[in-house]
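# Summary of the model geometry
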Amino acid sequence: MPRRMQQDLRGKVVVITGASAGVGRAIAVELGQRGASVALIARGLDRLQVLQASLRAAGVAALAVVADVSDAKQVETAATQVEAALGPIDVWINNAMVTVLSPVAEMTAREYEQVTRVTYLGVVHGTLSALARMKPRNAGHIIQIGSALAYRAIPLQSAYCAAKHAIRGFTDSLRCELLHDNANIQLTMVQLPAVNTPQFSWCRTRLSHQPQPVPPIYQPEVVARSVAAIVGQDRREVWVGTSTWKTIWGSRFLSGLLDRYLADKGYSGQQTREPIEPDREDNLFEPLSGDYGAHGRFDDRATNSSPAAWLAAHRPTLSALVMLSVTSLLLIASSWFG
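Residues numbered from 1 in each chain as written. Predicted model: local features only at pLDDT ≥ 70, side-chain atom pairs only at ≥ 80, totals over all residues. Heavy atoms only, no water.

### Describing the packing of helix α1 (residues 22-33) against helix α2 (residues 45-57)
Between α1 and α2, the least distance of the axes is 11 Å, while the angle of their chain directions is 20°. In terms of orientation, α1 lies roughly parallel with respect to α2. Between α1 and α2 lies a crossing of right-handed hand. Residues R25, A28 and V29 of α1 lie in contact with α2, whose contacting residues are R47, V50, L51 and L55. A per-class count over the contact of α1 with α2 returns five nonpolar, no polar and two charged. (Axes fitted to C-alpha atoms, helices over the stretch in contact; angles between N-to-C directions. Helix = DSSP H or I, 4+ residues; strand = E, 2+ residues; numbered from the N terminus. Parallel < 35°, antiparallel > 145°, perpendicular 65-115°, else oblique. Left-handed = near helix turned anticlockwise from the far one by under 90°. Contact = heavy atoms within 4.5 Å. Nonpolar A, V, L, I, M, F, W, Y, C, P; charged D, E, K, R; others polar.)

### Section: the side chain of N196
In this fold, N196 is placed in the loop between β8 (194-195) and α6 (199-202). In this structure the side chain of N196 is engaged in a polar contact, spanning 3.4 Å, whose partner is the backbone nitrogen of R297. At 2.9 Å, the side chain of N196 and the side chain of D299 are in polar contact. Ignoring anything within four residues of it in the chain, the contact list for N196 reads I217, Y218, Q219, P220, A294, H295, G296, R297, F298, D299 and A302. (Polar contact = N/O pair within 3.5 Å; in protein donor to acceptor, adjacent residues only side chain to side chain.)

### So, the pairing of strand β7 (residues 185-191)
Burial runs high along β7: seven of the seven residues are buried. As paired strands, strand β6 (residues 140-145) and β7 are joined by six bridges and run parallel to one another. By the bridge assignment, I142 is partnered in β7 with L187. Read from β6 through helix α5 (residues 158-180) to β7, the crossover connection turns out right-handed. Where β7 meets strand β12 (residues 237-239), three bridges bridge the pair, whose relative direction is parallel. By the bridge assignment for β12, M189 is matched with E237. (Buried < 20%, exposed > 50% of the residue type's maximum accessible area, 1.4 Å probe, protein only. Pairing = 2+ DSSP bridges. Right-handed = clockwise from strand over helix to strand, strands pointing away.)

### Examining the pattern of salt bridges
One pass over the full model with this rule turns up 15 salt bridges. Here R10 ties to D8 by a salt bridge, and the two come within 2.4 Å at their closest N and O atoms. Judged by its relative accessible area of 64%, R10 falls in the exposed class. Judged by its relative accessible area of 42%, D8 falls in the partly exposed class. One salt bridge connects D264 with K265, and the closest N-O pair in it is separated by 3.8 Å. The exposure class of K265 is partly exposed, given its relative accessible area of 42%. Linked by salt bridges that have partners in common, E76, E83, R133 and R137 make up one network. (Salt bridge = Lys/Arg side-chain N within 4 Å of Asp/Glu carboxyl O.)

### Thoughts on the sheet that holds β8
Here three strands make up an open sheet; going across it, the order is β8-β11-β14 and the pairing parallel. Looking at which strands have only one partner, the edges of the open sheet turn out to be β8 and β14 (302-303). In this structure, β8 lies alongside strand β11 (residues 217-218), joined through two bridges in parallel fashion. Pairing of A194 across the sheet is with I217, part of β11.

### A look at the sheet that holds strand β3 (residues 62-66)
Read across the open sheet, the seven strands follow the order β3-β2-β1-β4-β6-β7-β12; overall the sheet is parallel. Both outer strands of the open sheet, β3 and β12, are each paired with one neighbouring strand and no more. Sheet twist, expressed as the mean angle between neighbouring strand axes with direction ignored, is 15°. Across three bridges, the pairing between strand β1 (residues 13-17) and strand β4 (residues 91-94) is parallel. For V14, the partnering residue across the bridge sits in β4 and is V91. Strands β1, β2 (37-42), β4 and β6 of the sheet are contacted by α1, whose axis makes an angle of about 170° with β1.

### Section: unusual backbone geometry
Following P215, the chain continues to P216 via a peptide bond in cis, the omega torsion being 0°. In this structure, P216 sits in the loop between β10 (209-211) and β11. Of note in the backbone geometry, N138 takes a positive phi value of approximately 55° without being a glycine. With respect to the helices and strands, N138 occurs in the loop between α4 (109-137) and β6. The phi dihedral of L156 is positive, around 75°, even though this residue is not glycine.

In short, the description is geometric, and any link to function would need to be established separately.
Given below as structure tokens:
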């Protein structure tokens, strides 16, 4: 979309968890380019500092805050720091996640607990801190970064799929409460397709070969543009990418068939042909050092465009144009035949 048509976010203060790499980093860059002040929350200081410096060099008001979203006190402290430095929080984007690729029988209780604490409870903690500031002002927007896997679970990612399902249930409950209270707070869940992020290089895995996102693969900037387009809009959900639409609708009407398909294809589809390094490190309990950027290792297979994502993000505008066109045609017809 041409820059002149993009939403101007100047004056907005946005918090992004899991901001130091992957989708969170792409969102931070996109919103900063549109004029927002961005607060970057993650566990790893080095990557946060690199991103903060690059954003500030581009003229963006950026603040790096080290916090582990699995700890509610750290999240609350981070929120206080953000408002003291940048002003009242307008938008809070819950994006932080960790995952383990492993058969259920080989998982440990501690691994399930950690994925749940970061991926699900991290969203709860961020939402609570956002609500504590937005409700007294009766204004704000909370955006949960979800996944098509919030509707359709797949093999080898039971902990992550369960967490994303839990986020959807939590978010739907909260939405009903906000409607009951007539609160002027927007709440949106953005369901993602497979995205080319560094998580496949640092997630914990028991697979024999390197993990990969299940094709088709999208670049994180596709997600970032979709998120930026809905800031401040009253959107219940946004489904990014054609594969997300297919997955969610397929889960609704062909769940048994999908079970059998994933049992056959779900293992090989999540692995490359490259064997796992024996000394591979992961970020499940501690962040890895180094700056990984927004992209993973699949640039040659990922697309940076998605008509379906653009249509999903701009559905209200398109619906209004369609209604205007239909109304105009009716008026013309009535003038001809009236």
